[in-house]
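So you can see what is in the structure, the chains are spelled out below.
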Amino acid sequence: MNLIDTATQTSAQPSRSKGLAQTQTISDLSESQVAAIRKIPPHDAAKPRAIDARRPASIFLSNERFELEQANIFRKFAVPVTVSAILSQPGSVIAHEGYGVPLLLMRDKQGVVRAFLNACMHKGSKLVEDCEPHRAGKVTCPYHAWTFALDGRLVGVPREETIANFDKADRGLAELACREAGGLIWVMLDRTAEPNFSNIDDELVGDFNAFDIPDMHVYGRKTFELDANWKLVQEPFLEGYHVQRLHARSVGPMFADVPNVTSVLGHNIRQISGKINFTPDCLDIEGENIHKSVTHAYLVFPNTVIVTSPYYISVMFIMPKAAGRSVVDYIMLTRGEADNEKAADVYQRSYEMILNVFGNEDFRAAEISQKGLSSGALEDVVYCGLEETIPLYYEILERYL
Ligand code: FES
Ligand SMILES: [Fe+2]
């Protein structure tokens, strides 16, 4: 192993004990979230509009469109790469490859997260070969053992006296602009582009802080490789139309067939909806877990989905690989480790259930759509009133294409 003091990190804050009992009520949420929740109408008063919205099938199929998105969005804006919780402790190190740029994220002893290219400054070897979290005081290259500090400085070179005209200070790791906010870590993938964090919205960060995302715990993580355009993978998280249909035999019966309360937060989308049991009065029951009656779903520009559930939060980084291929890094966050049997059981069953629903239903829908669209049967796709957030979100993307 090429990390000094390596220990696989499995827990966010071992001393913390936050089991199922620690639920959130409406008063824990941000003002902006509460205002949106108060706008959810009773189900019988929620009427979707009829809309006329289409997009050419080529936005999911064409290589030109894919390249344009890469150049004008994924390389021009900072993109969310992972959750803070995966690097929760000082000395946490993780490599990341999802965007095709080999990244190395490191949290230093003071708690600051930085992003670097995962390339040794001797002859370029990858420093960390896997993409699992580690704890490390320093990072040592597996090849000739050059050693770098957590802030990227080169601090050790074996047989340094044999290199003439050499100053370690000139060979620190190549750093990328990076910011941590609301429990997510954003990175500029292009080192030569002007750092652009304008997509990180204060209200969005306020919502995530209210959920406590920065202090949550990584319960589980799974990678999905999908034969589908990244936007087809996102679409089911921007609409409720499919829920009672695609998910008829799983979670569908828990949700109502009504439009969401949608807010545009800068470049990002927030959707709030009442579950089947929701009535406006249920918000004022003292001590009631708000996540039992209300679901929040966020689209964090350009490609990250965050969905709330009663006892956990799902985060999905949907990373484009090619016009018809993407990789999803799914992370389930809980308020702490399971500190009793009931919590362990609820988390375990939730994890299996959600991987099944997303993996075998939503992601499958994306893959079968990609297949059908690739046949050339459709010139365009058409969206209904229960899907109106999709074209709304595409208008944001299209500003940059
Ligand atoms: S390539 Fe890293 S020390 Fe030689
Ligand atoms: Fe779904």
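Structure first, text after, so check above.
The paragraphs below set out a description of the structure included in this document. What you see is a predicted model; the values in this text were computed from it and never measured.

**Considerations on the overall build of the protein**
Consideration 1: Tallying secondary structure elements over the protein gives eight helices and 21 strands in all.
Consideration 2: Seen through its principal axes, the protein has C-alpha atoms that stretch 80 × 50 × 35 Å.
Consideration 3: Counting over 401 residues, the protein shows a buried share of 55%.
Consideration 4: Here the analysis covers contacts within the protein between residues at least 6 apart in sequence; of these, 68% occur between residues at least 24 apart.
Consideration 5: Accessible area for the protein stands at about 17200 Å²; split by element, carbon and sulfur atoms hold 49% of it.
Consideration 6: Here the protein contributes 40 positive and 52 negative side-chain charges, whose respective centroids are spaced 3 Å apart.

**A word on helix α8 (residues 389-398)**
Consideration 1: By the criterion of burial, α8 is predominantly enclosed, with seven of the 10 residues buried.
Consideration 2: Among the residues of α8, those classed as buried are T389, I390, P391, Y393, Y394, I396 and L397.

**Some remarks on the sheet that holds strand β10 (residues 154-156)**
Consideration 1: Here we have three strands laid out as an open sheet, ordered β8-β9-β10, and antiparallel in their pairing. If you trace the sheet from one side to the other, it starts and ends with β8 (138-140) and β10, each paired once. Put simply, the sheet's adjacent strands are angled 35° from each other on average, direction ignored.

**Observations concerning the coordination of the iron ion (ligand 2)**
Consideration 1: Those donors, H242 (NE2), H247 (NE2) and D362 (OD), are the protein atoms that reach the iron ion (ligand 2), and they lie 2.0 to 2.1 Å from it.
Consideration 2: Along the chain, the residues donating to the iron ion (ligand 2) fall in the pattern H-x4-H-x114-D. Here the two residues H242 and H247 agree in accessibility, since each one is buried.

**Topic: the environment of L226**
Consideration 1: Here L226 shows up in strand β14 (residues 217-226).
Consideration 2: By relative accessible area, which is 6% here, L226 ends up buried.
Consideration 3: Here the alpha-carbon distance between L226 and R364, two residues 138 residues apart in the chain, equals 8.5 Å.

**Some points on the pattern of salt bridges**
Pairs can form between side chains of opposite charge once their charged atoms are near each other.
Consideration 1: Summed over all chains, the structure comprises 16 salt bridges.
Consideration 2: Note that R54 is salt-bridged to D52, the shortest N-O span being 3.6 Å.
Consideration 3: Residue D52 is classed as exposed on the basis of its relative accessible area, which comes to 68%.
Consideration 4: Across the salt bridge formed by R270 and D207, the nearest N and O atoms sit 2.7 Å from each other. Residue R270 is located in strand β16 (residues 268-274), and its partner D207 is located in helix α4 (residues 202-211); the two are separated by 63 residues in the primary sequence. Residue R270 shares its accessibility class with D207, and that shared class is buried.

**Thoughts on the pairing of strand β15 (residues 261-265)**
Consideration 1: Alternating positions in β15 separate cleanly, V261, S263 and L265 being buried on one face and T262 and V264 remaining unburied on the opposite face.
Consideration 2: Note that β15 and β16 share five bridges and pair antiparallel. Residue pairing across strands places S263 opposite R270, the latter belonging to β16.
Consideration 3: Here β15 folds back onto β16 in antiparallel fashion, the turn holding two residues, of which G266 has a positive phi close to 65°.

**Brief notes about the sheet that holds strand β3 (residues 79-83)**
Consideration 1: Reading across from one edge, β3-β13-β12 is the order of the three strands in this open sheet, with antiparallel pairing throughout. The open sheet has two edge strands with one neighbour each: β3 and β12 (178-181). Each neighbouring strand pair of the sheet contributes to a mean axis angle of 30°, computed without reference to strand direction.
Consideration 2: With four bridges joining them, β3 and strand β13 (residues 184-187) adopt antiparallel strand pairing. Following the sheet pairing, P80 is matched in β13 by W186.

**Looking at the packing of aromatic side chains**
Consideration 1: Scanning the entire structure with this criterion turns up 17 aromatic pairs.
Consideration 2: Geometrically, the ring pair formed by F74 and Y99 is tilted, given 6.3 Å between the ring centres and 40° between the ring planes. A residue pair is termed long-range when its members are at least 10 positions apart, and F74 in helix α3 (residues 63-74) and Y99 in the loop between β4 (92-96) and β5 (103-107) qualify at 25 residues. Both residues of the pair, F74 and Y99, belong to the buried class.
Consideration 3: Taken together, a centroid distance of 5.6 Å and an interplanar angle of 65° make the contact between Y219 and Y347 edge-to-face. Here Y219 is found in strand β14, whereas its partner Y347 is found in helix α7 (residues 341-374), with 128 residues between them in sequence.
Consideration 4: In this structure Y219 comes out as partly exposed when scored by relative accessible area, which is 26%.
Consideration 5: The structure contains a cluster of three or more aromatic residues connected by ring pairs, namely F224, F237, Y330, F358 and F363.
Consideration 6: Lying over the aromatic face of F197, R179 brings its terminal NZ or CZ to 4.1 Å of the ring centre.
Consideration 7: The ring of F224 carries K222 above its face, with NZ or CZ at 5.4 Å from the centroid.

Conventions and cut-offs
- Residues numbered from 1 in each chain as written.
- Chains lettered and ligands numbered in written order.
- Predicted model: local features only at pLDDT ≥ 70, side-chain atom pairs only at ≥ 80, totals over all residues.
- Heavy atoms only, no water.
- Helix = DSSP H or I, 4+ residues; strand = E, 2+ residues; numbered from the N terminus.
- Buried < 20%, exposed > 50% of the residue type's maximum accessible area, 1.4 Å probe, protein only.
- Contact = heavy atoms within 4.5 Å.
- Areas by Shrake-Rupley, 256 points an atom, 1.4 Å probe, with all protein chains shown as cover.
- Lys, Arg positive; Asp, Glu negative; His and termini not counted.
- Charge placed at Lys NZ, Arg CZ, Asp CG, Glu CD.
- Pairing = 2+ DSSP bridges.
- Axes fitted to C-alpha atoms, helices over the stretch in contact; angles between N-to-C directions.
- Donors = N, O, S within 2.8 Å, 3.2 Å for Na, K, Ca; no water.
- Salt bridge = Lys/Arg side-chain N within 4 Å of Asp/Glu carboxyl O.
- Phe/Tyr/Trp six-rings, centres within 6.5 Å; stacked < 30°, edge-to-face > 60°.
- Lys NZ or Arg CZ within 6 Å of the ring centre and 35° of its normal.

Read these as layout, nothing more, since geometry by itself doesn't imply function.
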